[in-house]
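Letter by letter, the chains look like this.
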Amino acid sequence: MAHYLDKKNFLKKLTPYKVFNSALLLASFQLSKLLRRSVTWGLPDSVAIEPTTSCNLRCPECPSGLRQFSRRTGNMKFDLFQKIIDNSYRHISFLTLYFQGEPYINPSFFDFVKYANQKKIYTATSTNAHFLGDDNARKTVESGLDRLIISLDGITQEIYEQYRIEGDVNKVIEGAKNVVKWKRKLKSSTPHIIFQFLVVKPNEHQIDLAKQLAKDIGVDEIKFKTAQIYNYKNGHPLIPTIDKYSRYKKTEQGTYELKSKMGNHCWRLSHSPVITWDGLMVPCCFDKDAKYRMGNAAQEDMSSIWKSNAYKTFRNNIHTSRASIDICTNCSEGLSVWKDD
């Protein structure tokens with residue numbers, strides 16, 4: 001399966017300033033690790049923007065699926081999205097149109113993609129693929145979306161619905177076929193289609209079948225993702241038995257702990273914030289309820305929030321005692337969540 005198309009489309013949208021800015025971010029991250037205090041050069045080169053908190057499924061390890069948010073829920077309006085992009089497109093290289101919820105539920109989703117594409121920003125989203133009927137599949141290709149991650153967490157309905165509760169695996173497969181069809185019809189190199197297989201104990205025996213399905217449909221890649229489990233310490237029925245696909249390891253006491261060691265640093269925090277549907281800017285995608293609010297992009301520029309005292313204080317806390325910050329305790333930083341075979 002081709003990997004080069006994804007990189008090629010990304011490189012086409014880079015500018016000398018974006019490359020320089022990313023170099024500044026990397027340099028300041030390394031210096032911060034060395035000094036054990038926050039050094040912030042450059043502006044975010046990546047951002048995740050949340051189109052919606054709504055979802056059609058009820059996945060058990062997801063706040064959207066559980067309908068358990070402590071923050072406000074809703075859909076981002078186009079004027080807010082436009083303001084955020086207008087204030088940041090010069091330094092943003094990569095835009096993820098996803099945080100919580102199913103992005104295609106937002107009626108302005110395709111407008112978001114088109115606008116970011118016009119501003120030469122690489123765009124990606126992640127979907128459960130239940131809204132990829134023929135018309136939306138065509139619009140997806142025409143929008144200029146660069147990367148499309150389709151969640152495929154089982155090959156048969158019996159296995160798929162154990163995690164993707166209220167989902168239909170046949171819709172997922174049909175949706176993927178629709179996008180592949182329209183890519184070929186429109187002779188488009190985008191979107192780069194990735195099957196994402198979240199490996200949990202109920203579906204781990206279908207890994208080889210998933211690889212074959214990806215090949216048969218003609219998607220560009222399949223990736224196997226390790227699952228985040230909220231209450232993992234005493235074991236959990238979703239933790240895989242195949243060690244390489246688990247974020248957790250069993251201790252001599254019979255409990256579970258993260259495989260990755262929690263260092264007092266965080267690359268995500270150093271280059272890529274998250275903005276909720278109503279403009280709240282938070283440090284990373286593990287802050288599901290926007291507990292650590294650095295500012296509001298509806299009222300301030302991203303750059304001023306990025307350099308604010310609130311952000312500086314949070315970064316310094318990461319460099320001194322990351323383990324004391326609750327959203328960090330189940331983080332995969334330092335442990336790749338993607339597993340290639």
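Please refer to the structure higher up on the page.
The shown structure was predicted, so the numbers you read here are calculated from the model rather than taken from an experiment.

Peer 1: How do you make sense of helix α8 (residues 169-185) when you look at a structure like this?
Peer 2: An α-helix turns once per 3.6 residues; consequently, residues spaced three or four apart project the same way. The terminal C-alpha atoms of α8 lie 24 Å apart, and with 17 residues this matches the ideal 24 Å at 1.5 Å per residue to within 8%. In the core, the buried residues of α8 are packed alongside α6 (134-143), β4 (147-151), α7 (157-163), β5 (192-199) and α9 (207-217). The backbone nitrogen of N170 has a side-chain oxygen 2.9 Å away, supplied by the residue at the start of α8, namely D168. At the C-terminal side of α8, K187 shows a positive phi close to 50 degrees.

Peer 1: How do you make sense of the nonpolar core when you look at a structure like this?
Peer 2: A general trend in soluble globular proteins is that nonpolar side chains are found buried together. Ranked by internal contacts, the top residues of the largest apolar core, which has 84 residues, are I49, M76, F81, L95, I150, F195 and I275. In terms of residue count, the dominant contributor to this core is α8 (7 residues). Here L95 is in contact with V47, I49, F81, I85, A116, I121, Y122, T123 and A124, once residues within four sequence places are set aside. Within the second largest apolar cluster, 6 residues are counted, among which are A48, V274, L280 and V282.

Peer 1: Which parts of the structure should I look at to understand the pattern of salt bridges?
Peer 2: Pairing between side chains becomes possible if they bear opposite charge and their charged atoms approach one another. Taken as a whole and judged by the stated rule, the model has 16 salt bridges. The residue R164 makes a salt bridge to D153 at a minimum N-O spacing of 2.5 Å. Of this pair, R164 sits in the loop between α7 and α8 while D153 sits in the loop between β4 and α7, placing them 11 residues apart in sequence. A relative accessible area of 12% means that R164 is categorised as buried. We classify D153 as buried; its relative accessible area is 1%. Salt-bridge contacts for K223 lead to E221; the nearest nitrogen and oxygen are separated by 3.8 Å. Judged on exposure class, the residue K223 and its partner E221 are both buried. Salt bridges sharing partners connect three or more residues here, namely D135, R138, K139 and E142.

Rules and cut-offs
- Residues numbered from 1 in each chain as written.
- Predicted model: local features only at pLDDT ≥ 70, side-chain atom pairs only at ≥ 80, totals over all residues.
- Heavy atoms only, no water.
- Helix = DSSP H or I, 4+ residues; strand = E, 2+ residues; numbered from the N terminus.
- Expected span 1.5 Å × (residues − 1).
- Contact = heavy atoms within 4.5 Å.
- Polar contact = N/O pair within 3.5 Å; in protein donor to acceptor, adjacent residues only side chain to side chain.
- Core = buried A, V, L, I, M, F, W, Y, C linked by side-chain atoms within 4.5 Å.
- Buried < 20%, exposed > 50% of the residue type's maximum accessible area, 1.4 Å probe, protein only.
- Salt bridge = Lys/Arg side-chain N within 4 Å of Asp/Glu carboxyl O.

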